[in-house]
Amino acid sequence: AGKGKGPERKALALERTKGSEILFGTAPCGLALARARRALFRLFVKEQRGGSGRPLRAELALQAAARGVPVLHVPGRALDALCWGRPHQGVCLEVAPLPFRSLRDAEEPRPGDGESGRRQLLWLVLEHIQDPMNLGALLRAAYFLGVDRVVATRSNSCPLTPVVSKASAGAMEVFDVYSTDDLQGFLKAKRAEGWEVVGTVSRPEDVEDVPVISCSEFQWDKPLIVVIGSEGEGLSLETQLQCQRMLAIPPGRALHPGIDSLNVSVAAGIILHSICSQKRRHGD
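Here's what I pulled together on the structure shown here. Keep in mind that what you see is a predicted model, and the values were worked out from it rather than measured. For every chain, the first residue of the written sequence is number 1, and numbering continues from 1 onward in sequence order. Selection of residues for local features in this predicted model requires a pLDDT of at least 70, selection of side-chain atom pairs for listing and counting requires 80 or more, and totals for whole chains, interfaces and linings are taken over all residues. The basis for the side-chain values is all heavy atoms of the structure; hydrogens and waters are excluded.

Points about the packing of aromatic side chains
Part 1 of the reasoning: Each pair of aromatic rings taken from Phe, Tyr and Trp, with Trp reduced to its six-membered ring, is defined by centres within 6.5 Å and is described as stacked if the planes are under 30 degrees apart, edge-to-face if over 60, and tilted in the remaining cases. The tally for this structure, following the rule as stated, stands at three aromatic pairs.
Part 2 of the reasoning: Taking the centre distance of 6.3 Å and the plane angle of 5° together, the rings of Trp123 and Phe186 count as stacked. Pair noted here: Trp123 is in strand β6 (residues 122-126) and Phe186 is in helix α8 (residues 183-192), with a separation of 63 residues, a long-range link. Take Trp123 and Phe186: they sit in the same class, and that class is buried.
Part 3 of the reasoning: Ring centres of Tyr143 and Phe175 lie 5.7 Å apart, and the angle between their planes is 70°; this geometry places the pair in the edge-to-face category. Each helix is a run of H or I in the DSSP string that is no shorter than four residues. Each strand is a run of E no shorter than two, and both are numbered from the N terminus. Exposed residues in this analysis have more than 50% of their type's maximum accessible area, buried residues have under 20%, and partly exposed residues fall in between, with area computed by a 1.4 Å probe over protein chains only.

A short note on unusual backbone geometry
Part 1 of the reasoning: Backbone geometry at Ala36 places phi at a positive 50°, although glycine is not the residue there.
Part 2 of the reasoning: You can see Ala36 is positioned in the loop between α2 (26-35) and β2 (40-46).
Part 3 of the reasoning: Ala36 sits in the partly exposed class, given a relative accessible area of 35%.
Part 4 of the reasoning: The phi angle at Asn156 is positive, at roughly 55°, despite the residue not being glycine.
Part 5 of the reasoning: Secondary-structure assignment places Asn156 in the loop between β7 (149-153) and α6 (162-167).

Here's the deal with the sheet that holds β2
Two pairing modes exist for strands in a sheet, parallel and antiparallel, and in both the strands are linked by backbone hydrogen bonds.
Part 1 of the reasoning: Should DSSP find at least two bridges between two strands, the strands are taken to pair. Reading across from one edge, β1-β4-β2-β3 is the order of the four strands in this open sheet, with mixed pairing throughout. Whereas interior strands pair on both sides, the edge strands pair on one side only; in this sheet they are β1 (21-24) and β3 (71-74). In this sheet, neighbouring strand axes are inclined to one another by 25° on average, regardless of whether the strands run parallel or antiparallel.
Part 2 of the reasoning: Alignment of β2 against strand β4 (residues 91-95), held across five bridges, turns out to be antiparallel. Residue pairing across strands places Leu43 opposite Leu93, the latter belonging to β4.
Part 3 of the reasoning: Whether two residues touch is decided by their heavy atoms; if any such pair falls within 4.5 Å, the residues are in contact. Each axis is a line fitted through C-alpha atoms, and for a helix only the stretch in contact is used; angles between axes span 0 to 180 degrees, taken between their N-to-C directions. Contacts from α2 reach β1, β2 and β4, with the element oriented near 45° to β4.
Part 4 of the reasoning: Along the sheet face, helix α3 (residues 55-66) touches β2, β3 and β4 and points at about 155° away from the line of β2.

A few points about α3
Part 1 of the reasoning: Take the number of residues in a helix, subtract one, and multiply by 1.5 Å to get its expected span. Between its first and last C-alpha, α3 extends 16 Å over twelve residues, near the 16 Å set by a 1.5 Å rise per residue.
Part 2 of the reasoning: What α3 keeps buried is the set Arg57, Leu60, Ala61 and Ala64. Down the axis, α3 shows its buried residues gathered within 100° of arc, on one side only. Seen from the open side of α3, the exposed residues pointing more than 90 degrees away from its buried face are Pro55, Leu62 and Ala66.
Part 3 of the reasoning: As for α3, its buried residues are in contact with α2, β2, β3 and β4.
Part 4 of the reasoning: At the exit of α3 stands Gly68, carrying a positive phi of roughly 75°. By arc we mean the arc of the directions from the helix axis to the C-beta atoms, nothing more.

Considering the pattern of salt bridges
Part 1 of the reasoning: Whenever a carboxyl oxygen of Asp or Glu lies within 4 Å of a side-chain nitrogen of Lys or Arg, that contact is scored as a salt bridge. Tallied over the full model, the rule gives nine salt bridges.
Part 2 of the reasoning: For Arg38, the salt bridge goes to Glu21, with nearest N and O atoms at 3.0 Å. Of this pair, Arg38 sits in the loop between α2 and β2 while Glu21 sits in strand β1; the two residues are 17 residues apart in sequence, bridging distant segments of the chain.
Part 3 of the reasoning: By relative accessible area, which is 14% here, Glu21 ends up buried.
Part 4 of the reasoning: A salt bridge links Asp176 to Arg37, with the shortest nitrogen-to-oxygen separation between them at 2.5 Å. With Asp176 in the loop between α7 (171-174) and β8 (177-180) and Arg37 in the loop between α2 and β2, this residue pair connects regions lying 139 residues apart in the sequence.
Part 5 of the reasoning: We classify Arg37 as partly exposed; its relative accessible area is 29%.
Part 6 of the reasoning: Within the structure, one salt-bridge network assembled from shared partners comprises Glu21, Arg38 and Glu173.

Honestly, that's just the spatial picture; any functional story needs more than this.
Written as structure tokens, this is what we have:
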């Protein structure tokens with residue numbers, strides 16, 4: 001019993017600000033500090049015996065101090081306790097939660113707006129993504145590939161948690177994520193504004209009433225919304241019916257039943273890259 005008391009006492013000494021959450025890992029903590037989009041309470045850094053520690057941790061401590069954020073040097077086991085044993089790389093940051101942004105508050109870029117005046121917009125819409133690792137990977141891919149905006153359904157979706165931020169390699173800290181309560185109404189309104197809405201499907205035979213094409217055949221010639229469905233279930237029928245076309249990724253072999261689809265974030269990355277590579281080819 002005596003052994004457990006030390007870590008317990010240390011964890012109790014790190015009492016949290018009410019309503020706060022703990023970011024973990026150098027990328028989420030560093031980007032949250034750099035952007036300061038949410039309230040920052042304390043930075044916890046792994047204490048080093050007989051050395052200055054890793055340069056990146058020292059840099060984060062300087063960054064925190066410059067923002068007036070208290071820096072606490074604590075044993076590794078205290079960091080383990082703060083983030084429930086997840087991979088923290090020696091840093092945790094106590095922060096206020098990051099909410100979804102409301103589309104009502106968003107400045108609406110009009111189709112055709114952009115740095116060049118003719119750059120096409122690309123939005124990614126997520127219906128009922130519930131796994132925080134998938135949501136993080138989706139945000140990371142969307143940010144990397146140049147998606148302009150991500151919109152998630154508010155209901156049946158994973159919130160923007162520290163696990164999502166870590167899985168996104170910190171992209172969540174720099175990329176606004178919007179939410180909608182009425183996905184079908186939102187898609188209908190965007191179509192009326194001249195946007196094309198395409199869905200994604202892993203099994204083309206599951207789709208009725210909407211044409212299905214290979215993602216490599218798709219021509220991107222107007223502002224575009226790509227809609228990704230939930231893990232396992234795919235897009236709801238109501239959402240499929242708002243799509244002008246469905247995009248599928250052709251498999252490279254005859255597939256065994258049970259391994260006949262891709263992870264949702266991998267599929268999204270392939271489809272988005274297939275679309276975005278047209279922009280580079282056409283020199284836009």
